[in-house]
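Inside the fold
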Amino acid sequence: MKTRVKILLGMVLVTIAALALIASADTVDASSKQQPLNPCYGQSEIDLLVRGNHWTEEQARHVLDLACQYSAKPH
């Protein structure tokens, strides 16, 4: 009887581990789909400029690109 309990407990632990791996893989996939358009800024910064300044998305991206280029220059 003790052997069956150990086997059942082992199967439960393996199942939990498998579900955790599946959940983490889904999280990684979701976050990889939301990669920023530029490593310097993300969609939230674009949205903030569009709403706050009544700019188009293209204008906001252009300004953020220029800011990234400026910040990369040695001063």
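1. Brief notes about the state of the cysteines
Inspection of every chain in the model, using the stated rule, returns one disulfide. There is a disulfide in this structure between Cys 40 and Cys 68, and the S-S distance comes to 2.1 Å. Around the S-S axis, the bridge from Cys 40 to Cys 68 shows a dihedral of about -105 degrees and counts as left-handed. Of the two residues, Cys 40 sits in the loop between helix H1 (2-33) and helix H2 (43-53) while Cys 68 sits in helix H3 (residues 57-72), which places them 28 residues apart along the sequence.

2. Considering H3
Taking 1.5 Å of rise per residue, the 16 residues of H3 would be expected to cover 22 Å, and the 23 Å separating its terminal C-alpha atoms lies within 8% of that figure. Those residues of H3 not exposed but buried are Ala 60, Leu 64 and Cys 68. Relative to the axis of H3, the buried residues are bounded by an arc of 70 degrees and lie together on one face. Among the exposed residues of H3, those oriented more than 90 degrees off its buried face are Glu 58, Gln 69 and Tyr 70.

3. Section: the confidence of the model for the protein
Close inspection of predicted coordinates is inappropriate for parts of the model with low pLDDT. Taken over all residues, the pLDDT of the protein has a mean of 75, while the share at 70 or more is 59%. Looking at the elements of the protein, mean pLDDT is at its lowest for H1, recorded as 64, and at its highest for H2, recorded as 92.

4. Remarks on unusual backbone geometry
Unusually for a residue other than glycine, His 54 sits at a positive phi of about 60 degrees. Looking at the secondary structure, you find His 54 in the loop between H2 and H3. Note on His 54: relative accessible area 72%, which makes it exposed.

5. Concerning the packing of H2 against H3
Two numbers describe how H2 lies on H3: the axes approach to 9 Å, and their chain directions differ by 120 degrees. Helix-helix and strand crossings are classified by hand; for H2 and H3 the assignment is right-handed. Mapping the contact onto sequence places Gln 43, Glu 45, Ile 46, Leu 49 and Val 50 in H2 and Glu 57, Ala 60, Arg 61 and Leu 64 in H3. Taken together, the residues of the contact of H2 with H3 sort by class into five nonpolar, one polar and three charged.

Each value, and the rule that gives it
- Along each chain, the written sequence defines residue order, and numbers are assigned to residues from 1.
- At least 70 in pLDDT is required for a residue's local features to be given in this predicted model, at least 80 for side-chain atom pairs to be given and counted, and no such filter applies to totals for whole chains, interfaces and linings, which use all residues.
- Calculated side-chain values reflect all of the structure's heavy atoms, with hydrogen atoms and water omitted.
- Disulfides are defined as cysteine sulfur pairs within 2.5 Å.
- Where helices and strands are cited, they refer to DSSP runs of H or I of at least four residues and of E of at least two residues respectively, numbered from the N terminus.
- Expected helix span is given by 1.5 Å per residue-to-residue step, counting one fewer step than there are residues.
- Exposed residues in this analysis have more than 50% of their type's maximum accessible area, buried residues have under 20%, and partly exposed residues fall in between, with area computed by a 1.4 Å probe over protein chains only.
- Directions are taken from the helix axis to each C-beta atom, and the arc is the one they span.
- Residue-level confidence of the predictor, termed pLDDT, takes values from 0 up to 100.
- Axis definition: a line fitted to C-alpha atoms, limited for helices to the stretch in contact. Angles are taken between N-to-C directions and run from 0 to 180 degrees.
- By convention the crossing between two helices is left-handed if the near helix lies anticlockwise of the far one by an angle smaller than a right angle, and right-handed if it lies clockwise.
- By the convention used here, residues are in contact when the closest approach between their heavy atoms is within 4.5 Å.
- Each residue is assigned to one of three groups, with Ala, Val, Leu, Ile, Met, Phe, Trp, Tyr, Cys and Pro labelled nonpolar, Asp, Glu, Lys and Arg labelled charged, and all others, Gly among them, labelled polar.

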